[in-house]
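Chain by chain, the residues:
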Amino acid sequence: MTPVLQAESVAKVYGSGQASVRAVDDVSFEIRPGEFVALVGPSGSGKTTMLAMLAGLLTPTEGSILIGGERLSQMSESRRTRFRRRSIGFAFQSNNLVPYLTARENVELMLRLNNRLNRQSKERAADLLARLGLDDRMGSYPSQLSGGQQQRVAIARALIHEPNLVLADEPTASLDTERAYQVVRTFAELIHEQQRAGIIVTHDLRMCRYVDRVISMMDGHVNRIIDDRVEIDALAAFSEESFSAQ
Amino acid sequence: MPLYLAIKEVLQNKGRFFLICLIVALITTLVLFIAALAEGLAAANKEYIENLTGELIVFQENVELSFPSSRIGRSTVNEIRRVKGVADVGQVSFASGALVFEQVSPEGVIIPTTATPQPPLDVTLVGVEPGRPGEPAVLSGASLGRSRSDGVIIDANVALRRGIQLGDMITIKTTQGTSEEFYELMVVGMADKLQFQFLPSIFIPYTTWEKVRPKANNSVETDELVSNVAVVKLADPSQWRQMALRLEEQVGKIEVVDRVTAYKASPGYAAQQSTLDTQRYFTLFIGILVIGGFFQIQTLQKVAQIGMLKAIGASNTVVVISAIAQIILVNCLGVLIGGLGSYLLQLSFPVEIPVIFTGRSVGTAIISLLLIGPISGLVSLRSLLKVEPLTALGLAQ
């Protein structure tokens, strides 16, 4: 199966000369449709910088990134913005939703931006929100929703326009354990169902139980890739025990 | 799409945007009233001149277009009348006097002429030739009769406020030498828009005016009829420029100008108008700063949100148009509220306050106020463009 995302020897250097910092160094991996990957690592390991490059928000200093066969570095700024709008879904850690739009309008925003808002797509947005357990909160504004509900709306928004790649930056950071599990589980289910390629950046290894592969980063390098189910579950279980012991 | 975001945000934050609308409304009211005041004061200065039936006004040369300094004799008027293209000429003179509502009897007793005592009213006594340019068209009653008659035309506003009616006798007080003299004149006609240099006017036939006007003891007596200016009515009003030159060439020692030049040369007219214009532009400038400042602050508060919108693929165009559309919307609403408010407010103003809303001045003010929106938008434009989508990931520098 053709990979949705290909990162080839990607590096990002900040500054120049002796003061330069290699935030990301020689990172390569591929993600195929229907695959949900966790990008994990401690703070400063380069995972968010990597995510920004995958989204076309930052240009790699070296290497290249291809999404659906298209090379991001060869696109103009405006084409990259258009590409991001059409082919990438985003969920962030905070400031995820537009405060003056309802849950439903926030999801429909991606359809509006892509000029794809019609009766069918509106129904799809409502169905997706219902699927995420928000059928009675569609008319609520973000300030009227809990953190978990807001993240679920953000997930619906990231998926509604049928992007090739869905990126989530620490979407569970402000949630309690139960809500965090619920959010990531639903996210994983939808990625698998809709055959999208998904990447979740997290430092919470417990969330790994729902992913298909774990890419661990340390000091800008990929130090380990775990794609064995048993190993991933063991990693998640170990992390859960560590949390429980605290 | 941009309009959708702009309107949604306004509707969701009605209170905040209403306050901004209110500020725009107050600025609108201020600008409209300054414009109306400018118009009102200008009218008080020039009304009579502006509404003259003649196109050109003839002054004596080298008097800097000063009405009181200028002297035009009968012989000059006759020369003017002979110039080809001149339809008619009328001599006009100005003097000051007071309309009084009491009389002093030969025995020195003060007798009120109205049922209730009223303070005297300063007026301009305008001497005109009956039936010639310079005599105003009457709203009611009759035009002036013979030049020796004591029938006069008065300002309809004065008549209304002081309870004077057609056929009434009015008393004019002027100073002759060192003593005050009272003259009884009859109101034969009423006309409006007759103020000259901030005073209401009373139009008196020329010979009667000569008798009534204040005189010093040592007045130079001349054989001919001398007026301050002459008003010329042209056969073809569109030829006024050429005719002004022709008159100056063919008749000596005169300066000929159109009505606008004449009133603009009035003392203080330019200074007064430029003061009011400065106030008007300054208020507009404050408006731009206030509205621009508000939206700049709002932009700075929304950096994270704008970053998120850009990260999910909203272009700079969408973000910028949305913000500017919002400013224009709020501004237009403010101008509308302010315009309606001003209209209602001026209904409650007493007639003495010289505010006049003319289509032109209101139109100019409204257009300038509507421009506040887009100009203010430019203030926050740079900030909007500077917001990086990386902000959404907390990576923006």
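Residues numbered from 1 in each chain as written. Chains lettered and ligands numbered in written order. Predicted model: local features only at pLDDT ≥ 70, side-chain atom pairs only at ≥ 80, totals over all residues. Heavy atoms only, no water.

A. Here's a closer look at the overall build of chain A. Broken down by element type, chain A carries seven helices and 10 strands. Radius of gyration (C-alpha) of chain A: 18 Å, near the 18 Å computed for a compact globule of 246 residues. For chain A, the C-alpha atoms occupy an extent of roughly 55 × 50 × 35 Å along the three principal directions. Here chain A, with 246 residues, has 57% of them falling under the buried criterion. Taking all contacts inside chain A whose residues are at least 6 apart in sequence as the whole, residues at least 24 apart take part in 71%. Counting every atom, chain A has about 10400 Å² of accessible surface; 43% of that belongs to carbon and sulfur. Of the charged side chains in chain A, 29 are positive and 30 negative; the average position of the first set lies 8 Å away from that of the second. (Helix = DSSP H or I, 4+ residues; strand = E, 2+ residues; numbered from the N terminus. Rg over C-alpha atoms; globule rule 2.2 N^0.38 Å. Buried < 20%, exposed > 50% of the residue type's maximum accessible area, 1.4 Å probe, protein only. Contact = heavy atoms within 4.5 Å. Areas by Shrake-Rupley, 256 points an atom, 1.4 Å probe, with all protein chains shown as cover. Lys, Arg positive; Asp, Glu negative; His and termini not counted. Charge placed at Lys NZ, Arg CZ, Asp CG, Glu CD.)

B. How the structure looks around the side chain of Ser-70 of chain B. All names here are of chain B. Within the element layout of this structure, Ser-70 appears in the loop between strand S1 (56-60) and strand S2 (72-73). On the accessibility criterion, Ser-70 (0% relative accessible area) is buried. A distance of 2.9 Å separates the side chain of Ser-70 from the backbone nitrogen of Gln-60, its partner in a polar contact. Beyond its immediate chain neighbours, meaning those up to four positions away, Ser-70 contacts Phe-59, Gln-60, Val-63, Ser-227, Asn-228 and Val-229. (Polar contact = N/O pair within 3.5 Å; in protein donor to acceptor, adjacent residues only side chain to side chain.)

C. Focus on the nonpolar core. Core analysis: the biggest nonpolar cluster contains 101 residues, and Leu-5, Phe-29, Met-50, Phe-90 and Ile-199 of chain A together with Ile-312 of chain B have the highest contact counts within it. Looking at this core element by element, the count peaks at eight residues for helix H6 (residues 177-194) of chain A. The residues contacting Ile-199 of chain A, other than those within four sequence positions of it, are Leu-5, Phe-29, Ile-31, Phe-36, Val-37, Leu-39, Leu-51, Leu-54, Leu-165, Val-166, Leu-167 and Ala-168 of chain A. Core analysis: the next-biggest nonpolar cluster, separate from the first, contains 25 residues, Phe-59, Val-63, Ala-191 and Ala-262 of chain B among them. (Core = buried A, V, L, I, M, F, W, Y, C linked by side-chain atoms within 4.5 Å.)

D. Representation of the sheet that holds strand S5 (residues 70-71) of chain A. Residue and element names in this part refer to chain A. Sheet architecture is open: four strands sit in the order S2-S1-S4-S5, paired in antiparallel fashion. At either margin of the open sheet sits one strand with a lone partner, and together these are strand S2 (21-31) and S5. The sheet contact formed by strand S4 (residues 62-67) and S5 spans two bridges and is antiparallel. Paired with Leu-66 across the strands is Arg-71, a residue of S5. (Pairing = 2+ DSSP bridges.)

E. Structural view of the sheet that holds strand S9 (residues 213-218) of chain A. All names here are of chain A. Across the sheet, six strands lie side by side as S6-S7-S8-S3-S9-S10; this open sheet has mixed pairing. Two strands lie at the open edges of the sheet, namely strand S6 (88-91) and strand S10 (221-226), each paired on one side alone. Ignoring strand direction, the axes of neighbouring strands in this sheet form an average angle of 20°. Lying over the sheet, helix H7 (residues 229-245) contacts S9 and S10, oriented at roughly 110° with respect to S10. (Axes fitted to C-alpha atoms, helices over the stretch in contact; angles between N-to-C directions.)

F. A look at the interface of chain B and chain A. Facing 21 residues of chain B, the contacting portion of chain A comprises 26 residues. Regarding the contact of chain B and chain A, the summed buried area is about 2300 Å², with carbon and sulfur atoms giving 69% of it. Together, Tyr-4, Ile-312 and Leu-393 of chain B form the three largest contributors to the area buried by chain B at its contact with chain A, with a combined 28%. Linking chain B with chain A are one salt bridge. The partner of Lys-8 of chain B in a salt bridge is Glu-105 of chain A, with the nearest N and O atoms 2.5 Å apart. At the boundary of chain B with chain A, the tally comes to five residue pairs in polar contact (both at pLDDT 80 or more). Those elements that place two or more of their residues in the side of chain B that touches chain A are helix H1 (2-12) and helix H9 (303-311) of chain B. The element that contributes the greatest number of residues to the side of chain B that touches chain A is H9 of chain B, accounting for six residues. (Buried area = accessible area lost by both parts, 1.4 Å probe. Salt bridge = Lys/Arg side-chain N within 4 Å of Asp/Glu carboxyl O.)

G. View of the pattern of salt bridges. Scanning the entire structure with this criterion turns up 23 salt bridges over all chains. Residue Arg-206 of chain A pairs with Asp-204 of chain A through a salt bridge whose shortest N-O separation is 2.8 Å. Accessibility classification places Arg-206 of chain A together with Asp-204 of chain A in one group, the buried group. As a salt-bridge pair, Asp-88 of chain B and Arg-81 of chain B come within 3.2 Å of each other at their nearest N and O atoms. For Arg-81 of chain B, a relative accessible area of 27% gives the class partly exposed. Here the salt bridges do not stand alone but share partners, grouping Arg-22, Asp-25 and Glu-62 of chain A into one network.

H. Looking closely at the packing of aromatic side chains. Residues and elements named next belong to chain B. Going through the model one piece at a time under the given rule, you end up with 16 aromatic pairs over all chains. Consider the rings of Tyr-48 and Phe-94, whose centres lie 6.2 Å apart with planes at 75°: the pair is edge-to-face. Of this pair, Tyr-48 sits in helix H2 (residues 14-50) while Phe-94 sits in strand S3 (residues 86-100); the two residues are 46 residues apart in sequence, bridging distant segments of the chain. On the accessibility criterion, Phe-94 (15% relative accessible area) is buried. Aromatic pair Phe-67 and Phe-196: ring centres 5.1 Å apart, planes at 85°, arrangement edge-to-face. (Phe/Tyr/Trp six-rings, centres within 6.5 Å; stacked < 30°, edge-to-face > 60°.)

I. Structural detail: empty space enclosed by the protein. Inspection of the entire model under this criterion finds two cavities of 30 Å³ or more. Size it by volume and the largest cavity reaches roughly 180 Å³. What lines the largest cavity is a set of 18 residues, and nearest its centre among them are Glu-9, Lys-302, Val-319, Ser-322 and Ala-323 of chain B. Looking at the lining of the largest cavity, the elements that each hand over two or more residues are H1, helix H8 (269-301), H9, helix H10 (316-347) and helix H11 (359-386) of chain B. When residues in the lining of the largest cavity are grouped by element, the largest group, six residues, is from H10 of chain B. Looking at the lining of the largest cavity residue by residue, the class counts come to 10 nonpolar, six polar and two charged. Within this model, the second largest cavity holds a volume of roughly 60 Å³. Together, Met-53, Gly-56, Leu-58, Thr-59, Pro-60, Ser-64, Ile-65, Leu-72, Ser-73 and Arg-80 of chain A line the second largest cavity. (1 Å grid on protein atoms, 1.4 Å probe; cavity = no way out; pocket = protein on both sides within 12 Å on 5 of 7 lines; lining within 4 Å. Points joined across faces, edges and corners; volume = space filled by probe spheres on them. Nonpolar A, V, L, I, M, F, W, Y, C, P; charged D, E, K, R; others polar.)

J. Just the domain arrangement of chain B, in detail. All names here are of chain B. On domain assignment, one finds that chain B holds domain 1 (2-44 + 270-392) and domain 2 (62-252). Distance from the C-alpha centre of domain 1 to the C-alpha centre of domain 2: 48 Å. Counting residues at the interface gives six residues for domain 1, matched by five residues for domain 2. Each partner contributes to the roughly 410 Å² buried at the junction of domain 1 and domain 2, and carbon and sulfur atoms together form 56% of this total. Applying the counting criterion to the domain 1 and domain 2 interface returns zero salt bridges. (Domains from an automatic or database assignment.)

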